[in-house]
Amino acid sequence: SLAIAIVLTGVGAGTLVMPLVVRVLLDQMSWRGTFRLLAAVSFVLLVATAVSVPAQKEPKAVSQLGPRTMAGSAPFRRLYLSVVLIAPGFYAPLAFLNDYAVSVGSSASTAALLVAAIGLSSVASRIWFGGLAERVGALRQYEFSHLVFVVGLAVWLLARDSTLVLFVAAGLHGLAWAAWVTAAPLVLAQWFGVDDLGQLVGGFYTGLGLGAFLGPAISGFVIDTAGYRPAIALVVVTSLLSVATLRTVRHLDPVA
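Please read all numbers here as calculations on a predicted model, not as lab measurements.

Draft legend 1. The arrangement of the overall build of the protein in detail. Of the regular secondary structure elements, the protein holds 9 helices and 0 strands. Reading the protein from its N end, one meets helices and strands in the order α-α-α-α-α-α-α-α-α. Across its three principal directions, the C-alpha atoms of the protein cover 55 × 40 × 35 Å. Buried positions account for 44% of the 256 residues belonging to the protein. Long-range contacts, defined here as pairs at least 24 residues apart, represent 82% of the contacts in the protein between residues at least 6 apart. Surface summary for the protein: the accessible area is close to 13,200 Å², and the carbon and sulfur share equals 69%. Positive and negative side-chain charges of the protein, numbering 15 and 10 respectively, have mean locations separated by a distance of 3 Å.

The following block contains the structure:
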């Protein structure tokens, strides 16, 4: 769990740094130019990191775990549903908190700092959460992360035009994010073992991708038609449904 937490601090660091970098770039060039520059830099860095990964020394046996096996597992189905439901709340602040802050009177720089605050809170707490999971249990920490997501989104809903309260919401979201990503692989290992953990995590994260695909699109539609507050209320509801779904997992028996 500590190794996972250390690796995943990179995600939080990117969320901390990149909103500030993008804000500076947007002050110097158009958004199209900013996207092109980010695309070029990302391409170079991703290729460099991909080719630098050392070759696997010992070939692993082909995994027997497939989509049908995962779909036939009640714990996996419920965990999967919970991640689909939490994903809109997971991504909503990253997608819309900046624009929301500007819409209620914050400057563009302050709005960028709000997203950076998510990254700061996340990167500052990930290693701590990595150690905590071993002491309190991965599932308990995972459930805790969902509750903090709900609280953070509710604070955002109540913030209105208060910059201070928006920063509190951003900080809570970063904490929840750190607790979630460090606990999720451990929950899967606890239920299914580690032999096929790569496929388990990959299959599980398709639920996060599905929620990320649908959530921002639906939230954006609601924002365009009814405003920000109904959209935030919607992701609060889906996050609460995720919490309720996750609570049912505890009563099931591990597969591994």
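Draft legend 2. View of the layout of surface pockets. Size it by volume and the largest pocket reaches roughly 230 Å³. Residue lining of the largest pocket: Met18, Val22, Leu26, Trp31, Thr34, Phe35 and Leu38, and that is the complete set. Of all the elements in the fold, those that place two or more residues in the lining of the largest pocket are α1 (2-28) and α2 (31-52). A per-element tally of the lining of the largest pocket places α2 first, with 4 residues. Tallied by class, the residues present in the lining of the largest pocket amount to 6 nonpolar, 1 polar and no charged.

Draft legend 3. Layout of the packing of aromatic side chains. Across all of its chains, the model carries 12 aromatic pairs by this definition. Taken together, a centroid distance of 5.9 Å and an interplanar angle of 90° make the contact between Trp31 and Phe35 edge-to-face. Here Phe35 and Trp31 lie together in helix α2, a separation of 4 residues that amounts to about one turn. Taken together, the aromatic side chains of Phe90, Tyr91, Tyr142, Phe149, Trp177, Trp180, Phe204 and Tyr205 make up a single cluster linked through ring pairs.

Draft legend 4. Region of interest: the packing of helix α8 (residues 197-226) against helix α9 (residues 228-247). Orientation of α8 relative to α9, taken along the N-to-C sense of each, is 150°, at an axis distance of 7 Å. Relative to α9, the element α8 is oriented roughly antiparallel. α9 is crossed by α8, and the crossing has right-handed handedness. Between α8 and α9, the contacting residues are Ile218, Ser219, Val222, Ile223 and Ala226 on the first element and Tyr228, Pro230, Ala231, Leu234 and Val235 on the second. Counted by class, the contact of α8 with α9 contains 9 nonpolar, 1 polar and no charged residues.

Draft legend 5. View of helix α4 (residues 74-103). Counted at 1.5 Å a residue, the expected span for α4 with its 30 residues is 44 Å, and the 43 Å between its end C-alpha atoms agrees. In the structure, α4 departs most strongly from a straight axis at Phe96, where the bend amounts to approximately 50°. Positive backbone phi, at 110°, marks Gly105, one or two positions downstream of α4.

Draft legend 6. Structural context of unusual backbone geometry. With a phi close to 55°, Arg160 is a non-glycine residue in the positive phi region. Of note, Arg160 is situated in the loop between α6 (138-159) and α7 (163-192).

Draft legend 7. Local environment of a nonpolar patch on the surface. Residues Leu210, Phe213, Leu214, Ile218 and Leu234 make up a contiguous nonpolar surface patch of roughly 440 Å² in combined accessible area. Ranked by the residues each element gives to the nonpolar patch, the list is headed by α8, at 4 residues. As for its placement among the helices and strands, Ile218 is situated in helix α8.

Draft legend 8. Geometry of the packing of α4 against α6. Viewed as axis vectors pointing N to C, α4 and α6 meet at an angle of 35°, and their least axial separation amounts to 11 Å. Considering how the two elements wind past one another, α4 and α6 form a crossing that is left-handed. Facing Leu79, Ser82, Val83, Ile86, Gly89, Phe90, Ala92, Pro93, Phe96, Leu97 and Tyr100 of α4, the residues of α6 in contact are Tyr142, His146, Phe149, Leu153 and Trp156. Looking at the contact of α4 with α6, its residues break down into 13 nonpolar, 3 polar and no charged.

Draft legend 9. Region of the structure containing the side chain of Glu143. Here Glu143 lies in helix α6. For Glu143, a relative accessible area of 8% translates into the label buried. When neighbours within four sequence positions are excluded, Glu143 is seen to be in contact with Leu246, Arg247 and Arg250.

Draft legend 10. Up close: α7. An ideal rise of 1.5 Å per residue puts 44 Å on 30 residues; α7 measures up with 44 Å between its terminal C-alpha atoms. The sharpest bend along α7 reaches about 30° and sits at Ala183, with the proline Pro185 one to four residues further on. Burial analysis of α7 places 21 of its 30 residues in the buried class, which makes it a mostly covered element. Among the residues trailing α7, Gly193 stands out with phi positive, at a value near 85°.

Cut-offs and rules
- Residues numbered from 1 in each chain as written.
- Predicted model: local features only at pLDDT ≥ 70, side-chain atom pairs only at ≥ 80, totals over all residues.
- Heavy atoms only, no water.
- Helix = DSSP H or I, 4+ residues; strand = E, 2+ residues; numbered from the N terminus.
- Buried < 20%, exposed > 50% of the residue type's maximum accessible area, 1.4 Å probe, protein only.
- Contact = heavy atoms within 4.5 Å.
- Areas by Shrake-Rupley, 256 points an atom, 1.4 Å probe, with all protein chains shown as cover.
- Lys, Arg positive; Asp, Glu negative; His and termini not counted.
- Charge placed at Lys NZ, Arg CZ, Asp CG, Glu CD.
- 1 Å grid on protein atoms, 1.4 Å probe; cavity = no way out; pocket = protein on both sides within 12 Å on 5 of 7 lines; lining within 4 Å.
- Points joined across faces, edges and corners; volume = space filled by probe spheres on them.
- Nonpolar A, V, L, I, M, F, W, Y, C, P; charged D, E, K, R; others polar.
- Phe/Tyr/Trp six-rings, centres within 6.5 Å; stacked < 30°, edge-to-face > 60°.
- Axes fitted to C-alpha atoms, helices over the stretch in contact; angles between N-to-C directions.
- Parallel < 35°, antiparallel > 145°, perpendicular 65-115°, else oblique.
- Left-handed = near helix turned anticlockwise from the far one by under 90°.
- Expected span 1.5 Å × (residues − 1).
- Bend = angle between axes of the 7 residues up to and from the residue.
- Patch = residues over 30% accessible without salt bridge, like charges linked within 9 Å, V, L, I, M, F, W, Y side chains within 5 Å.
- Salt bridge = Lys/Arg side-chain N within 4 Å of Asp/Glu carboxyl O.

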